[in-house]
Amino acid sequence: MESYGYALSDATTALDIDRTYIKGYYRRASANMALGKFKKALTDFEAVKKARPKDQDAVNKYNQCNKIVHQQAFAKAIAVESSKKSVAESINLDTMVVEETYEGPRWEEGEMAVEFMTGLLDWLKDEKKLHRKYAYKILLRSKEIFEVQPSLVAVSIPDSSDRFTVCGDIHGQFYDLLNIFTLNGLPSQDNPYLFNGDFVDRGSFSVEVILSLLGFKVLYPDHFFMSRGNHESINMNQMYGFEGEVRAKYSQQMWDLFTEIFNWLPLAHLLQSRVLVTHGGLFSRDGVKVSELVDIDRNRQPPEEGWYSTVLRPLRRKVGTPSTANSGPLMIACPCISGSH
């Protein structure tokens, strides 16, 4: 259920009662790893490995976590100040030739057309690959759109609209995404959507999902919205499969470009100044102001703590009294699909 805050609390309480309870160490380590707290996870995985040296799963988890800790240390050691050239700047679409044998959707000149997106969905439905030139074109254009958006996007829903659909985790399930569009209609100016994070990982068609969503963002920049989830990050993508899928279907360069795009995804949306939508959950204290979310510097990998972390990952906290809980906007922060309203 990805309730990592609850898992941490429960596992720690169990270990306070019985320090020899190996399952407690394993669950706490798993939760910390999912939250990106790899050093803390490594300490607990090491305890599990020592207690169960012949358990292959324990050994594998320890080795995986240890590798990430060493990679982070190495990256920090060689890091330079933010003079690193953007991957997007190194991509030249003009040098990419579309072969005559390619029979898929084409986006040649001008703005994207609806026909391109409907053709793309049909093409991907048959498990065919979009030509890399058009894939890169979608990525570059969507990055330009996200770069100029604030961390918290205010969304106005016209009085003429009778629906605004908020969808939760898709996690690489492309055919589930197609089913949503079949039941609820394709995105359009009259049928706006907000996809609330965790587009990739776990499922086998994460590339197809993210290209489709970013394509609709390009087609309808003011009527199709996307928020960052905790799976739109390097560590999660390395652990849960998106990095490997992109490299297998396209290239390392495209994976690096996805990372840049994910860093620019908005963190929250405020609908009609009434409904706050984030991927994570309640904040660690009451009285958080909208301005605090607007001011978050999001163009980076998610930190372990702070507002940035909270809006991406659900954490455990006591719910406020009715007076404090109802003093601000309604919050949608669940990973399940929400109906239109």
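Check the entry above for the structure.
The rules behind each value
- Residues numbered from 1 in each chain as written.
- Predicted model: local features only at pLDDT ≥ 70, side-chain atom pairs only at ≥ 80, totals over all residues.
- Heavy atoms only, no water.
- Buried < 20%, exposed > 50% of the residue type's maximum accessible area, 1.4 Å probe, protein only.
- Helix = DSSP H or I, 4+ residues; strand = E, 2+ residues; numbered from the N terminus.
- Pairing = 2+ DSSP bridges.
- Core = buried A, V, L, I, M, F, W, Y, C linked by side-chain atoms within 4.5 Å.
- Axes fitted to C-alpha atoms, helices over the stretch in contact; angles between N-to-C directions.
- Contact = heavy atoms within 4.5 Å.
- Salt bridge = Lys/Arg side-chain N within 4 Å of Asp/Glu carboxyl O.

Undergrad: So what about the pairing of strand 5 (residues 268–271)? Which residues, and what values?
TA: Of the two faces of strand 5, the one lined by A268 and L270 and the one lined by H269 and L271 are each fully buried. With four bridges joining them, strand 1 (residues 152–155) and strand 5 adopt parallel strand pairing. Paired with A154 across the strands is L270, a residue of strand 5. In this structure, strand 5 lies alongside strand 6 (residues 275–278), joined through four bridges in antiparallel fashion. Looking across to strand 6, one finds that L271 is bridged to V275. The loop that links strand 5 with its antiparallel partner strand 6 comprises three residues; one of these, Q272, has a positive phi angle of about 55 degrees.

Undergrad: Explain the nonpolar core to me, using residue names and the numbers behind them.
TA: In this structure, L130, F195 and F258 are the most contacted members of the largest nonpolar core, which totals 57 residues. Counting residues in hydrophobic clusters, the runner-up holds 17 residues, among them Y4, M33, L42 and V69.

Undergrad: Could you give me a rundown of the sheet that holds strand 4 (residues 224–226), with the residues and numbers involved?
TA: Spatial strand order, 2-3-4: three strands in an open sheet with parallel pairing. Two strands bound the open sheet, and with one partner strand each, they are strand 2 (165–167) and strand 4. Mean inter-strand twist for the sheet, computed between neighbouring axes without regard to direction, equals 15 degrees. Sheet topology note: the strand 2/strand 3 (residues 193–195) ladder contains three bridges and is parallel. Bridge assignment links T165 to a residue of strand 3, and that residue is Y193. Those strands touched by helix 8 (residues 206–219) are strand 3 and strand 4, and its axis lies near 130 degrees from that of strand 4.

Undergrad: Can you explain the pattern of salt bridges? Please cite residues and give values.
TA: In total, this model carries nine salt bridges according to the counting rule given. For D16, the salt bridge identified is with R19, shortest N-O distance 3.7 Å. By relative accessible area, which is 57% here, D16 ends up exposed. Residue classification places R19 among the partly exposed positions, given a relative accessible area of 48%. Each of the salt bridges in this network shares a partner with another, and the network as a whole consists of E208, E245 and K249.

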